[in-house]
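This is what each chain is made of:
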Amino acid sequence: DSLMVESSPTIEIERHRAAIVRTDVSIPVRLALEANLLNENTTFFDYGCGYGGDVARMAHRGYTSAGWDPYYYPDNPPIPADIVNLGYVINVIEDTAERREALLKAWELTQQVLIVSAQVLINNRGTGKIAYGDGIVTCRNTFQKYYEQEELKTYIDKVLGID
């Protein structure tokens, strides 16, 4: 007996294409501001900041603000801060070990509050998607892992070992 195994083509995920140009602070950062989680002495760090919109807007509001991104700002050092934003990052990392590592690294930098946000699962998000790992490859050749709200909380609790 012989067994023929076809290798599937390797898909080159272009994570940086998931970055969004925003006209205002992202929803997670806006919610942190509305919840009064920051005062005039609060430091802010955006882990996986993309184009750096939240970093610039928080600095403009007077906060000590910095960010790091593996594609757009790879030379910026990840630094500890009171508030660390991991905004829409873990849902675009297709490698589960790397996704876990990003969450752990962001938590290590956190001195007060870690903001974690991800895309939530919405049915009928369109066509042209390819199943890949535990998520999909979008038509823009980016990866998306859509989370149910409780699934995201459970994942964070499990990885960080906290509630």
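Here goes a summary of the coordinates provided. For clarity, every value in this text was computed on a predicted model and none was experimentally measured.

It is worth spelling out the sheet that holds strand S1 (residues 43-47) at this point. Reading across the sheet, the 4 strands line up as S2-S1-S3-S4 and stay open at both edges, with parallel pairing between neighbours. Here the strands that pair on one side only, and so sit at the sheet edges, are strand S2 (64-68) and strand S4 (110-117). Averaged over neighbouring strand pairs, the angle between their axes works out to 20° when direction is ignored. As paired elements, strand S3 (residues 81-87) and S4 share 6 bridges and run parallel to each other. Paired with Gly87 across the two strands is Ser117, which belongs to S4. Its contacts with the sheet put helix H1 (residues 27-34) on S1, S3 and S4, and the angle it makes with S4 is roughly 135°.

Looking at where Asn91 falls in the secondary structure, it is placed in the loop between S3 and helix H3 (96-109). A relative accessible area of 1% places Asn91 in the buried class. Every residue in contact with Asn91, bar those within four places of it in the chain, is listed here: Ser117, Ala118, Gln119, Phe143, Gln144, Lys145 and Tyr147.

The rules behind each value
Residues numbered from 1 in each chain as written. Predicted model: local features only at pLDDT ≥ 70, side-chain atom pairs only at ≥ 80, totals over all residues. Heavy atoms only, no water. Pairing = 2+ DSSP bridges. Helix = DSSP H or I, 4+ residues; strand = E, 2+ residues; numbered from the N terminus. Axes fitted to C-alpha atoms, helices over the stretch in contact; angles between N-to-C directions. Contact = heavy atoms within 4.5 Å. Buried < 20%, exposed > 50% of the residue type's maximum accessible area, 1.4 Å probe, protein only.

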